[in-house]
Amino acid sequence: MLHFGIDVSRDKLDCAVVDAHGQRVKRARTFTNDVQGVIELIDWARTVAVEQPRHFVLEATAAYHEFAATRLHCAGLVVSVVNPAQVRALARGLGMLSKTDLMDALLLAQYAKLARPRQWRPTMPQLQEFSAMLMRLDCLEADLRREQNRREQAAVRGSSDCVLVSIDACIDFLRVQCKAMRKTIDSHIAANESLGQRIMRLRTIPAVGEKTAKRMAAILSTNSFTSAKEAAAFLGLIPVKCESGSSIRGRSRLSKAGNPRVRASLYMAAVVAKKINPDIKALYDRLCAQGKTKMSALGACMRKLVHLCYGVLKSEHDYVPPEARST
């Protein structure tokens, strides 16, 4: 198999290729990041490997990688989209100090040979649009909180009326935008029956409210997780140990990879769940009885909530409390 590493930027695609032994097959090439450039890349790749299977690997680079990855997938080619942090970790391990686009492309090809990342598939348009709406609502709500904080600070400082009027106008505008976006999201859910069913199924889990259910439905629907543990790792909820020899015994912490807004939503859900959700309450009480700190126990509760969300969507059944499972 030949591995093609593609370093993506806004305007161009730098591509390098290595064989199964990690040796360069041909000189690296650069293509434009548009329709014509991707067509030329595919034609070039087919001349490089006439009969051998081909594997294309790109880094997740904001939104710039999506067009090329989608066109390669639609052409029937095997595509993987990988985490840039993992690729840079490989570069440090190999002692690569310099960083250029062509070197990054070669590094991606080497990473593909060593890690064999899973195949990527584009998200369904309805789910992609739903995720974009939620992301936009998060941004609007964050901007609204910032303006409200500025309003409070300006009032404390005794700022002039023109400043207060300007901030108030921004706050009013953002409130209208938030309300409109929530209405658009609700309309989108109503128009997609399967998405609405997944959200309602998630809401059968005690302590999973509307906001958390929508975000978890978007994440679990747009990513092809193979297990609940993988979903928890994606959200940064797996414990990271710090132990070495006999002298280093650091406290475990959450990895905190992924979207911090989703983790914040899960944290608030876990705070409620440890009181009203029987599965989460039993876990929290057991960990506290074992001497775990409250924050550590809450981290485990957040992870358990993700497992429950993954479980109800995977099984396509509503949440069943523990006392009803044995009957």
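Conventions used here
Residues numbered from 1 in each chain as written. Predicted model: local features only at pLDDT ≥ 70, side-chain atom pairs only at ≥ 80, totals over all residues. Heavy atoms only, no water. Axes fitted to C-alpha atoms, helices over the stretch in contact; angles between N-to-C directions. Helix = DSSP H or I, 4+ residues; strand = E, 2+ residues; numbered from the N terminus. Parallel < 35°, antiparallel > 145°, perpendicular 65-115°, else oblique. Left-handed = near helix turned anticlockwise from the far one by under 90°. Contact = heavy atoms within 4.5 Å. Nonpolar A, V, L, I, M, F, W, Y, C, P; charged D, E, K, R; others polar. Buried < 20%, exposed > 50% of the residue type's maximum accessible area, 1.4 Å probe, protein only. Pairing = 2+ DSSP bridges. Patch = residues over 30% accessible without salt bridge, like charges linked within 9 Å, V, L, I, M, F, W, Y side chains within 5 Å. Areas by Shrake-Rupley, 256 points an atom, 1.4 Å probe, with all protein chains shown as cover. Salt bridge = Lys/Arg side-chain N within 4 Å of Asp/Glu carboxyl O. Core = buried A, V, L, I, M, F, W, Y, C linked by side-chain atoms within 4.5 Å.

A. Representation of the packing of helix α7 (residues 193-202) against helix α8 (residues 210-222) in the model. Where α7 contacts α8, the axes come no closer than 9 Å and their chain directions differ by 120 degrees. Of the possible angle classes, the one that applies to α7 and α8 is oblique. The hand of the α7/α8 crossing is right-handed. Judged by residue contacts, L195, R198, I199 and L202 of α7 engage A213, K214, M216, A217, L220 and S221 from α8. For the contact of α7 with α8, the per-class residue count stands at seven nonpolar, one polar and two charged.

B. Main features of the environment of Q110. Relative to the assigned elements, Q110 resides in helix α4 (residues 101-115). Residue Q110 is classed as buried on the basis of its relative accessible area, which comes to 19%. Remark: the alpha-carbon pair of Q110 and N223, spanning 113 residues in sequence, is separated by 25 Å.

C. Fine view of the sheet that holds strand β3 (residues 24-32). One open sheet accounts for five strands, arranged β3-β2-β1-β4-β5; its pairing is mixed. Single-partner strands in this sheet number two, and they are β3 and β5 (78-82). Looking at each pair of strands side by side, their axes are set apart by 20 degrees on average, direction ignored. Note: strand β1 (residues 2-8) against strand β2 (residues 12-18), six bridges, orientation antiparallel. Each residue of the ladder has a partner; that of F4, found in β2, is V17. Of the strands in this sheet, β1, β2, β4 (54-59) and β5 are in contact with helix α2 (residues 64-74), which crosses β4 at around 165 degrees. Along the sheet, α4 contacts β1, β2, β3, β4 and β5; its crossing angle with β1, the most-contacted strand, is approximately 140 degrees.

D. Focus on a nonpolar patch on the surface. Taken together, V35, I39 and F67 make up a surface patch of nonpolar side chains, about 210 Å² in accessible area. Of the residues examined, V35 reaches a relative accessible area of 39% and is grouped as partly exposed.

E. Representation of the nonpolar core within the structure. Formed by 56 residues in total, the largest nonpolar core has its most connected members in L202, I205 and M216. Secondary structure elements with two or more residues in this core: α5 (125-157), α6 (161-191), α7, α8, α9 (228-234), α10 (260-276), α11 (278-289) and α12 (294-315). Considering every element that reaches this core, the biggest residue donor is α12, with 12 residues. Leave out the neighbours within four places in its chain, and I205 touches N277, L305, L308, C309, V312 and Y319. Core analysis: the next-biggest nonpolar cluster, separate from the first, contains 23 residues, F31, W44, A45 and L77 among them.

F. Broad picture of the pairing of β1. Across the seven residues that make up β1, a large majority, seven, are buried. Side-chain alternation along β1 places L2, F4, I6 and V8 on one buried face and H3, G5 and D7 on a second face that is also buried. Here five bridges tie β1 to β4, and the two strands are oriented parallel to one another. Within β4, the position partnered with I6 by the bridge is L58. Where β1 hands over to β2, the hairpin turn is made up of three residues, counted between the paired strands.

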